[in-house]
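The primary structure of each chain is shown beneath.
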Amino acid sequence: QQPVQSPQAVILREGEDAVINCSSSKALYSVHWYRQKHGEAPVFLMILLKGGEQKGHEKISASFNEKKQQSSLYLTASQLSYSGTYFCALEAGANNLFFGTGTRLTVIP
Amino acid sequence: DVKVTQSSRYLVKRTGEKVFLECVQDMDHENMFWYRQDPGLGLRLIYFSYDVKMKEKGDIPEGYSVSREKKERFSLILESASTNQTSMYLCASSLWTSGTGGETQYFGPGTRLLVL
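Since we're looking at a predicted model, the values are computed, not measured.

1. A closer look at the interface of chain A and chain B
Thought 1: Chain A puts 23 residues into the contact, and the matching count from chain B is 27 residues.
Thought 2: In total, chain A and chain B occlude about 1,800 Å² of area from one another, counting both sides; carbon and sulfur atoms represent 50% of this.
Thought 3: Summed over the shared surface of chain A and chain B, the result is zero salt bridges.
Thought 4: Counting across the chain A and chain B interface gives four residue pairs in polar contact (both at pLDDT 80 or more).
Thought 5: Elements that contribute at least two residues to the side of chain A that touches chain B include exactly β4 (30–36), β5 (43–49), β9 (84–91) and β10 (97–99) of chain A.
Thought 6: The greatest single-element share of the side of chain A that touches chain B, amounting to four residues, is contributed by β4(A).
Thought 7: For the side of chain A that touches chain B, a count of residues per class yields 12 nonpolar, nine polar and two charged.

Below, the structure is given as structure tokens:
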């Protein structure tokens, strides 16, 4: 049931863009994205709901392909503060989230 | 601001001990969750609760139990701690929805448990 994320890790220079992918074998209500910095709790970034509604962030956007059961997170013009581990979490019903294994993003100057 | 607190940041216990991890949220959320986080495995759901005295098993409930006597408090219990339960434990809460989805989970800071 656990969604699959790719890549597992990525290193960027400041200002570069990145895409993180998340796919599932289950039909989905929604996709959530969280970021966790080292030693801290995961923090909500955005939710993409079935039907295309998106709640998000200025320089971070995402897409949700319901048919393919995939979501992608787009980080534009990355900043040092973007470093952390990004998790997608898939909601298949009943308020539960199934978290992916994470993508470690490192932004260097 | 939603606040989720956990009773300890770090805990060291011996094999066979009974361990209690406490979680409290202050936003009147119906849903509460316990996860464990291990390197390379992401967050895995242990138990969750939609209401007081109500609990549901997650993906990996074996060796754990939970208690929810009050809406704001959700406890995770390791009946007899084992070394393979060494992990980071994260509590989260969210509002309940009627199945349409889309509620954010708010996480506590985590408890890093070491079982010797």
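So, next bit.
2. Concerning the sheet that holds strand β3 (residues 19–25) of chain B
Residues and elements named next belong to chain B.
Thought 1: Sheet architecture is open: four strands sit in the order β1-β3-β8-β7, paired in antiparallel fashion. Of all the strands in the sheet, just β1 (4–6) and β7 (64–70) have a single pairing partner and so form its edges. When strand polarity is set aside, the average angle formed by the axes of neighbouring strands in this sheet is 20°.
Thought 2: Two elements, β1 and β3, share three bridges in a ladder whose sense is antiparallel. Considered in β3, the bridge of Thr-5 is made with Val-24.

3. Description of the nonpolar core
Thought 1: If you look at the biggest cluster of nonpolar residues, it comprises 21 residues, and the most contacted ones within it are Trp33(A), Leu73(A), Leu75(A), Tyr86(A) and Leu105(A).
Thought 2: Of all the secondary structure elements, the ones that give two or more residues to this core are β3 (18–23), β4, β5, β7 (60–65), β8 (70–75), β9 and β11 (103–108) of chain A.
Thought 3: For Leu75(A), the contacting residues outside a window of four places in its chain are Glu16(A), Asp17(A), Ala18(A), Ile20(A), Lys59(A), Ile60(A), Tyr82(A), Tyr86(A) and Leu105(A).
Thought 4: Core analysis: the next-biggest nonpolar cluster, separate from the first, contains 20 residues, Trp34(B), Tyr47(B), Leu78(B) and Cys91(B) among them.

4. Concerning the side chain of Ser49(B)
All names here are of chain B.
Thought 1: Locating Ser-49 in the fold gives a position in strand β5 (residues 42–49).
Thought 2: Within the local environment of Ser-49, its side chain forms a polar contact with the side chain of Arg-68, the two groups lying 3.0 Å apart.
Thought 3: The contact partners of Ser-49, leaving out residues within four places of it in the chain, are Glu-30, Asn-31, Met-32, Met-54, Lys-55, Arg-68 and Phe-74.

5. Concerning the packing of aromatic side chains
Any two aromatic rings considered together are summarised by their centre-to-centre distance and by the angle between their planes.
Residue and element names in this part refer to chain A.
Thought 1: Here the structure, examined in full by the defined rule, presents 11 aromatic pairs over all chains.
Thought 2: Ring geometry for Tyr-34 and Phe-99: centres 5.6 Å apart, planes at 50°, overall tilted. A residue pair is termed long-range when its members are at least 10 positions apart, and Tyr-34 in strand β4 and Phe-99 in strand β10 qualify at 65 residues. Assigned by exposure class, Tyr-34 and Phe-99 land together as buried.
Thought 3: Ring geometry for Phe-87 against Phe-99: centres 6.4 Å apart, planes inclined by 80°, an arrangement best described as edge-to-face. Of this pair, Phe-87 sits in strand β9 while Phe-99 is found in strand β10, placing the two residues 12 residues apart along the sequence. One exposure class covers both Phe-87 and Phe-99, and it is buried.

Each value, and the rule that gives it
- Residues numbered from 1 in each chain as written.
- Chains lettered and ligands numbered in written order.
- Predicted model: local features only at pLDDT ≥ 70, side-chain atom pairs only at ≥ 80, totals over all residues.
- Heavy atoms only, no water.
- Contact = heavy atoms within 4.5 Å.
- Buried area = accessible area lost by both parts, 1.4 Å probe.
- Salt bridge = Lys/Arg side-chain N within 4 Å of Asp/Glu carboxyl O.
- Polar contact = N/O pair within 3.5 Å; in protein donor to acceptor, adjacent residues only side chain to side chain.
- Helix = DSSP H or I, 4+ residues; strand = E, 2+ residues; numbered from the N terminus.
- Nonpolar A, V, L, I, M, F, W, Y, C, P; charged D, E, K, R; others polar.
- Pairing = 2+ DSSP bridges.
- Axes fitted to C-alpha atoms, helices over the stretch in contact; angles between N-to-C directions.
- Core = buried A, V, L, I, M, F, W, Y, C linked by side-chain atoms within 4.5 Å.
- Buried < 20%, exposed > 50% of the residue type's maximum accessible area, 1.4 Å probe, protein only.
- Phe/Tyr/Trp six-rings, centres within 6.5 Å; stacked < 30°, edge-to-face > 60°.

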